Every structure is written in C-alpha cells, then in structure tokens.
Amino acid sequence: MVFGLFSSKEKNLQKLIGKATNKLAQQADRWAALEKLREDGSDDAIFGLCKRFAITSGNMVEDGQEKTWVVDVLVAKGPSVLPPLRRFMKNAAQLAYALQVLERVATKEQALEAVDAILADEPPGYARDPERKLDVIRWMTEWKAGRPETFDRLLPYVADFDQNVRVAAVDGVAEAEASLVGQPLLDAFLRPEEESGRFRRRVAEVLAAKKVPLGDKASAVTPHLVGPVAGFSVDGGVLVQR
C-alpha cells in the first residue's frame, strides 16, 4: 500500500515536471506546474524546477520571466537546494542560470567545489559543444568573491581548442597579478598552433597593461605583431600599445 502511494506521488511529480518544462505549453500551464513544484519543495521537485533552465520557450520575454522566477524561488529556499542544483549542473547543456543560484546560496568553498566538479568534466581541449565551459568561465570572471582562487582555475583554458573559450579565459584572468598570469599568457601568445588574431590581440592587451617582461622571448613576439596585433610593439622588453 505504501509502495503504491509513493509510486503515485512520483508519477504525479514527473507529470508536473513535464508540464513545467514543456516549451510548447501555454505559459499559464507552466506557471501552475512551477508553483506546485515550489510548494512540494522535495529534492526531486527542486531538480524539476532546475530543469526549467534547460528549455527555451518560443516567447523570449516569458522565457526570461520564468527562469528568473525559478532563480528567485531557489535562492529563497537557501543552501538546501545545493544537492539537486548540483545534480542538475552535472549534465546540463547550459549553466548560466544555475550558476546564478549557486553564487547566491553557496559559501565560497561550496561554490568552488561545484565549479571544480564541472571543470573536471570539461577539461581544456576539444569539445563538440563548448557552451558549458563558456558559461562557467564567464561566471567565474564576474564572480569577484571567488578570487584569487578562480584565476588558477581559469588559466589552463587560455590554451583551449575553442577560440571563444580562450578569449573568455584571458578576460577572466585579466585582473590577476602579473606574476601569476604573465608567463602563461606569453606562452599562449607564442603557441605555434595559435592562429587567432583576436586571441593574440586580447593577450597582447593584458601583457601590455601589466608590463609583463618578455625576457628572451621578445624576439619571438615581434613577428606576431601583425594584423589585429599590429597596434603593438616591443619597447624596453615589454609590449606597448601604440
């Protein structure tokens, strides 16, 4: 008898989640399902709310309203949402909204632990879809409270396969101490396989702003100061922007 009751409850919950995440449904129907998931409050219901982040409805205004509402609901529930939130983040294709929740309900240590779990599944290198990497890198760039620990996590991605990931990673470490990022950025600038003028220009901007000494690599830098990087030169052993 008890088994039957739990089975029925589970089925009803799954129906609610299905309604809440049906991008073709009327907004009123999705709202009603989302409200009931909030009232349920169980880990599975919270996971169901998180799944709303994974679908995009046809009306972009309504879509943003619903996702923002879910963020606020989860934040209001506090740290108790962390287990189902991390369960969702494990396989979510997009992480931007979930990371907003993480930042507002987790301690710094808890947030870094969650980020490390994501990065372990998204190492630097080729990825068919780099969206997860981009989401977490851009979030770490904006998450000032995570510094300086985030800088060490971002640096390996300046050598990622994807140009957008590489540029985002440079943006993410642009405010780090020169002693930490100078050499890795210089090495990334000089990678033989690097073909992106956009990437080299962003690195050059950071190296020049920080007056990173080029040392014995100054002569290797000069031939690359063409195209998008033509506005830079080597002067006194550092890059300068003309």
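Scroll up to find the structure.
This structure is a prediction, so every number in the text was calculated from the model and none was measured.

## Remarks on the pairing of strand S1 (residues 232–235)
1) Next: Looking at chain direction, S1 and strand S2 (residues 238–241) are connected through four bridges and run antiparallel. Paired with Ser233 across the two strands is Val240, which belongs to S2.
2) Next: Hairpin connection from S1 to S2: two residues lie between these consecutive antiparallel strands, with Gly236 at a positive phi of about 65 degrees.

## Quick notes on the environment of Asp171
1) Next: Looking at the element boundaries, Asp171 is found in helix H10 (residues 163–173).
2) Next: Between the C-alpha atoms of Asp171 and Ile137, which are 34 residues apart in sequence, the distance is 9.2 Å.
3) Next: Not counting the four nearest positions on each side in its chain, Asp171 is found in contact with Thr141 and Arg202.
4) Next: A distance of 2.5 Å separates polar atoms of two side chains, one belonging to Asp171 and the other to Arg202.

## Considering helix H6 (residues 96–105)
1) Next: Buried within H6 are the following residues: Ala98, Leu99, Val101, Leu102 and Val105. Down the axis of H6, the buried side of the element spans an arc of 155 degrees, and every buried residue falls inside it.
2) Next: For H6, the elements touching its buried residues are helix H4 (60–77), helix H5 (82–91), helix H7 (108–121) and helix H8 (131–142).

## A few points about H5
1) Next: Regarding H5, the residues found buried are Leu82, Pro84, Leu85, Phe88 and Met89. For H5, the buried positions fall inside an angular range of 165 degrees around the axis, keeping them on one side. Of the residues in H5, the exposed ones pointing more than 90 degrees away from the buried face are Pro83 and Asn91.
2) Next: On the buried face of H5, the contacting elements are helix H3 (43–50), H6, H7 and H8.

Each value, and the rule that gives it
Residues numbered from 1 in each chain as written. Predicted model: local features only at pLDDT ≥ 70, side-chain atom pairs only at ≥ 80, totals over all residues. Heavy atoms only, no water. Pairing = 2+ DSSP bridges. Helix = DSSP H or I, 4+ residues; strand = E, 2+ residues; numbered from the N terminus. Contact = heavy atoms within 4.5 Å. Polar contact = N/O pair within 3.5 Å; in protein donor to acceptor, adjacent residues only side chain to side chain. Buried < 20%, exposed > 50% of the residue type's maximum accessible area, 1.4 Å probe, protein only. Arc of directions from axis to C-beta.

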